[in-house]
Amino acid sequence: AARPDVAPMRALRAELGDPHCGRPTVHIAGSKGKGSTGVMIEAVLGAAGMRTGYYISPHLHRFNERIRIDGQAIERGVFAAAMTRVRDAIDAVAPRFAGRQFLAFDALTATGFVAFRDAGVDVQIVEVGLGGLLDSTNVFGAGQQTTNSKQQGQAHVVVLTAISLEHTAILGDTIAAIAGQKAGIITAGATVVVAPQRESALDVFRAVAAERGAMVIEVAQACQMARTTGTAEGQRFKLKTPRATYDAQLPLAGRHQLDNAATAIVASEALAERCGMELTPAHVSAGLAKVVWPGRLEVLKRKPLVVIDGAHNGDSVKRMVVALREYFGLAHATLLFGTLAGKGVAAMADAVAPIADDVFVTAWPSARAADPRGLAALFNPLDVPVTTFGSLAHAYEAAVAQAGDRGAVVAFGAIAFVAAVREYVLGIESDAVRLASSLPKDAVDERG
């Protein structure tokens with residue numbers, strides 16, 4: 001919040017030889033759907049024969065998941081080698097910025113760009129961490145110091161996914177203010193693909209794009225979408241864009257994922273047009289059919305049904321509830337909930353109360369986890385039975401016992417909480433667990 005600009009990150013980028021340049025870029029900002037949209041773009045472009053690099057945050061279980069080459073997390077040794085070069089560059093640049101500090105996210109972002117350059121990717125998909133204007137990834141366009149004209153003129157597509165109230169202490173307390181921060185990644189001459197939005201966000205995006213000479217494609221106006229089937233395993237849809245007609249299978253549930261799919265397809269089309277790349281309906285269908293995106297309406301167990309979802313604000317919880325009813329046939333469920341301190345929990349509680357048989361609120365292994373007692377208090381006025389637990393293991397086992405073989409457990413909240421549930425149920429060892437034995441007790445797990 002106290003960051004005045006991204007000058008240190010631009011200097012770091014230059015010290016590393018501008019590793020972010022030399023390839024087409026899709027830059028994604030938004031409040032909801034960034035990751036889902038990005039992984040679909042990655043899959044579609046990969047099916048079209050492009051070698052892809054995808055920088056994403058946060059990770060679910062391990063830090064190297066944030067940097068993907070051709071849909072796979074880079075190897076730990078490769079990650080470490082790239083990070084070491086970035087750390088050396090930080091040491092060289094830091095003395096120029098007295099009183100300023102590099103962030104962990106700066107280092108991770110630079111590591112992603114270095115890894116993409118080393119791997120020789122054809123295209124990179126870059127996801128904003130927080131906001132946009134002052135985010136570590138906002139190093140494209142104005143302010144580039146490259147000497148290579150081809151690098152300066154690289155094809156660039158900006159994607160703006162749905163905006164909702166989030167991080168209000170940092171980004172602002174209105175949709176328009178938050179949209180202004182997200183619009184900070186719009187660069188001169190870019191193609192800007194805007195997912196279905198509230199009008200107050202659209203007004204901001206249109207104004208900033210016009211000011212910077214960027215072309216806007218509004219997905220809601222440009223496309224016609226129809227779902228043909230939908231189950232817990234995924235859905236089939238038909239989409240007509242200004243360029244083509246598609247019939248595709250998507251192995252992700254929820255109508256909101258159709259918005260994300262339309263946005264991803266239009267963004268892929270825009271990049272293909274700017275790069276002179278062939279993109280056919282067959283490429284799109286083949287790519288989307290292979291999408292895997294853990295932690296988003298993901299089924300972990302069948303008896304009882306255990307579903308996890310990283311719904312982390314009021315709007316995303318509303319979408320989750322609709323999807324649970326429509327795709328999973330769930331009118332009621334036992335809920336397992338955990339989130340980070342400072343989140344808008346009241347809106348989440350209101351949204352999920354209609355389907356809650358019981359709510360189990362638990363502590364979990366993160367220094368940023370919200371106190372379960374405070375969370376439980378927000379459910380009490382809603383006439384929903386609430387129980388607090390001191391450990392995730394106890395809470396999960398109690399929820400499964402309560403649901404029985406014919407019931408359902410829905411675990412939701414912060415991505416870091418969903419990751420912790422996933423680790424417990426599937427026996428995954430995370431970096432957080434590995435580090436716990438060697439770091440001080442007050443070390444922070446920054447996921448989420």
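Now for a quick tour of the structure. Note that the structure is a prediction, hence the values are computed from the model and not measured. (Residues numbered from 1 in each chain as written. Predicted model: local features only at pLDDT ≥ 70, side-chain atom pairs only at ≥ 80, totals over all residues. Heavy atoms only, no water.)

Quick notes on the overall build of the protein
Short version of the rule: Numbering of helices and strands runs from the N terminus; a helix is a DSSP stretch of H or I covering at least four residues, while a strand is a stretch of E covering at least two. With C-alpha atoms as the basis for the radius of gyration, the globule rule is written as 2.2 Å multiplied by the number of residues raised to the power 0.38. The buried label goes to any residue with under 20% of its type's maximum accessible area, the exposed label to any with over 50%, and the partly exposed label to all in between, with areas taken from a 1.4 Å probe on protein chains only. Note on definitions: a residue-residue contact is assigned when non-hydrogen atoms from the two residues lie within 4.5 Å. To be clear on the numbers: accessible area is Shrake-Rupley with a 1.4 Å probe, and residue cover counts the displayed protein chains and nothing else. Counting rule applied: Lys, Arg positive; Asp, Glu negative; His and chain ends not counted. Note on charges: their place is set at NZ of Lys, CZ of Arg, CG of Asp or CD of Glu.
Scanning the protein from N- to C-terminus turns up 17 helices and 17 strands. For 448 residues, the compact-globule estimate of 2.2 N^0.38 gives 22 Å, and the C-alpha radius of gyration of the protein, at 21 Å, lies within 12% of that figure. Taking the principal axes of its C-alpha atoms as reference, the protein extends roughly 65 × 55 × 40 Å. By residue count, 55% of the 448 residues in the protein fall in the buried class. For the protein, the proportion of contacts with a sequence separation of at least 24, taken over those separated by at least 6, is 73%. Carbon and sulfur atoms make up 52% of the accessible area of the protein, which totals about 17,900 Å². Seen as two clouds, the 44 positive and the 43 negative side-chain charges of the protein have centres 2 Å apart.

Looking at the pattern of salt bridges
Threshold: Here, a salt bridge means any Lys or Arg side-chain nitrogen found within 4 Å of an Asp or Glu carboxyl oxygen.
In this structure the tally under the stated criterion is 22 salt bridges. Its salt-bridge partner being Arg 100, residue Asp 5 comes within 3.1 Å of it at the nearest N-O pair. One end of the pair, Asp 5, is in the segment before helix H1 (7–15); the other, Arg 100, is in the loop between helix H3 (76–93) and helix H4 (104–119), with 95 residues separating them in the sequence. In this structure, Glu 199 and Arg 206 form a salt bridge, with 2.8 Å as the shortest nitrogen-oxygen distance. You can call Glu 199 partly exposed: its relative accessible area is 45%. Note on Arg 206: relative accessible area 28%, which makes it partly exposed. Beyond isolated ion pairs, a larger network of salt bridges with shared partners links Glu 199, Asp 203, Arg 206 and Glu 218.

Some points on the sheet that holds strand E1 (residues 25–29)
Rules: Pairing between two strands requires that DSSP report at least two bridges joining them. Comment: axis = line fitted to C-alpha atoms, over the contacting stretch for helices; angle = value between 0 and 180 degrees taken between N-to-C directions.
Spatially, eight strands are ordered E4-E3-E2-E5-E1-E6-E7-E8 in an open sheet, and the strand pairing comes out mixed. This sheet does not close on itself; its edge strands, each paired only once, are strand E4 (72–73) and strand E8 (215–218). Sheet topology note: the E1/strand E5 (residues 123–127) ladder contains four bridges and is parallel. In the strand pairing of E5, Ile 28 is matched with Glu 127. Sheet strands touched by helix H2 (residues 34–47): E1, strand E2 (52–55), strand E3 (67–69), E5 and strand E6 (156–160). Its angle to E2, the strand with the most contacts, is close to 170°.

A closer look at helix H11 (residues 281–289)
We apply this condition: Working definition: the arc comes from the directions between the helix axis and the C-beta atoms, pointing outward to the latter.
Every buried residue belonging to H11 is among His 283, Val 284, Gly 287 and Leu 288, and all of these are buried. The buried residues of H11 occupy an angular sector of 115° when projected down its axis, which confines them to one face. Tucked inside the fold, the buried residues of H11 contact H2, strand E10 (234–240), strand E11 (245–250) and helix H10 (255–275).

Examining the side chain of His 256
Along the chain, the position of His 256 falls in helix H10. Residues in contact with His 256, not counting those within four places in the same chain, are Leu 297 and Arg 319.

Remarks on the packing of aromatic side chains
The geometry of an aromatic ring pair is captured by the separation of the ring centres together with the interplanar angle, meaning the angle of the planes. Spelled out, the test is: For Phe, Tyr and Trp, where Trp contributes only its six-membered ring, two rings pair if their centres lie within 6.5 Å, and the inter-plane angle classes them as stacked under 30 degrees, edge-to-face over 60, or tilted in between.
By the definition in use, this model includes seven aromatic pairs. Aromatic pair Phe 337 and Phe 379: ring centres 5.9 Å apart, planes at 70°, arrangement edge-to-face. Separated by 42 residues along the polypeptide, Phe 337 in strand E14 (residues 333–338) and Phe 379 in helix H14 (residues 372–379) bring together distant segments of the chain. For the ring pair Phe 337 and Phe 412, a centre distance of 4.7 Å and an interplane angle of 25° mean the geometry is stacked. Placement of the pair is Phe 337 in strand E14 and Phe 412 in strand E17 (residues 408–413), with a sequence separation of 75 residues. Overall, Phe 337 belongs to the buried group, its relative accessible area being 0%. Owing to a relative accessible area of 1%, Phe 412 belongs among the buried residues under this scheme. Every member of this aromatic cluster is reached through a ring pair, and the members are Phe 337, Phe 379 and Phe 412.

Details of the nonpolar core
Selection criterion: Only buried Ala, Val, Leu, Ile, Met, Phe, Trp, Tyr and Cys residues count toward a nonpolar core, and they belong to the same one when joined by side-chain atoms within 4.5 Å.
Met 40, Ile 41, Phe 237 and Leu 288 are the most contacted members of the largest nonpolar core, which totals 43 residues. Secondary structure elements with two or more residues in this core: E1, H2, E5, E6, E10, E11, H10 and H11. Ranked by residue count, the leading element in this core is H10, at 10 residues. For Met 40, the contacting residues outside a window of four places in its chain are Leu 250, Leu 252, Gln 257, Asn 260, Ala 261, Ala 264, Leu 288 and Val 291. If you look at the next biggest cluster of nonpolar residues, it comprises 34 residues, including Val 321, Phe 328, Leu 335 and Ile 355.

Digging into the sheet that holds strand E9 (residues 224–231)
The strands making up a sheet associate through hydrogen bonds between their backbones, and the pairing can be parallel or antiparallel. The strand order across the open sheet built from three strands is E9-E10-E11, with neighbouring strands paired in antiparallel fashion. Taken across any chain shown, the strands that pair with only one partner, and hence form the sheet edges, are E9 and E11. Here the average twist between neighbouring strands, direction ignored, is 15°. As judged from the seven bridges shared by E9 and E10, these two strands associate in the antiparallel manner. Residue pairing for E10: Gly 230 is matched across the bridge by Gln 235. Packed on one face of the sheet, H11 meets E10 and E11 and runs near 15° to E11.

So, the pairing of E6
Of all five residues in E6, five are buried, a share of seventy percent or more. With five bridges joining them, E1 and E6 adopt parallel strand pairing. From the neighbouring strand, Val 26 faces E6, where its bridge partner is Val 157. Pairing geometry for E6 and strand E7 (residues 191–194), over four bridges, is parallel.

Here's the deal with the packing of H3 against H4
Between two packed helices, both the angle of their axes relative to each other and the distance between the axes serve to describe the pair. Cut-off, in case you're wondering: Every angle not falling under 35 degrees, over 145, or within 65 to 115 is termed oblique; those three ranges are roughly parallel, roughly antiparallel and roughly perpendicular. Should the near helix be turned anticlockwise from the far one by less than a right angle, the crossing is termed left-handed; should it be turned clockwise, right-handed. Here the term charged refers only to Asp, Glu, Lys and Arg, the term nonpolar to Ala, Val, Leu, Ile, Met, Phe, Trp, Tyr, Cys and Pro, and the term polar to all other amino acids, Gly among them.
At a minimum axis distance of 9 Å, the contact between H3 and H4 shows a crossing angle of 120°. Classified by the interaxial angle, the pair formed by H3 and H4 is oblique. In this structure, the crossing between H3 and H4 has a hand that is right-handed. Every residue of H4 that contacts H3 at Phe 79, Ala 82, Met 83, Arg 85, Val 86 and Ile 90 is listed here: Ala 107, Leu 108, Ala 110, Thr 111, Val 114, Arg 117 and Asp 118. Per-class residue counts for the contact of H3 with H4 are nine nonpolar, one polar and three charged.

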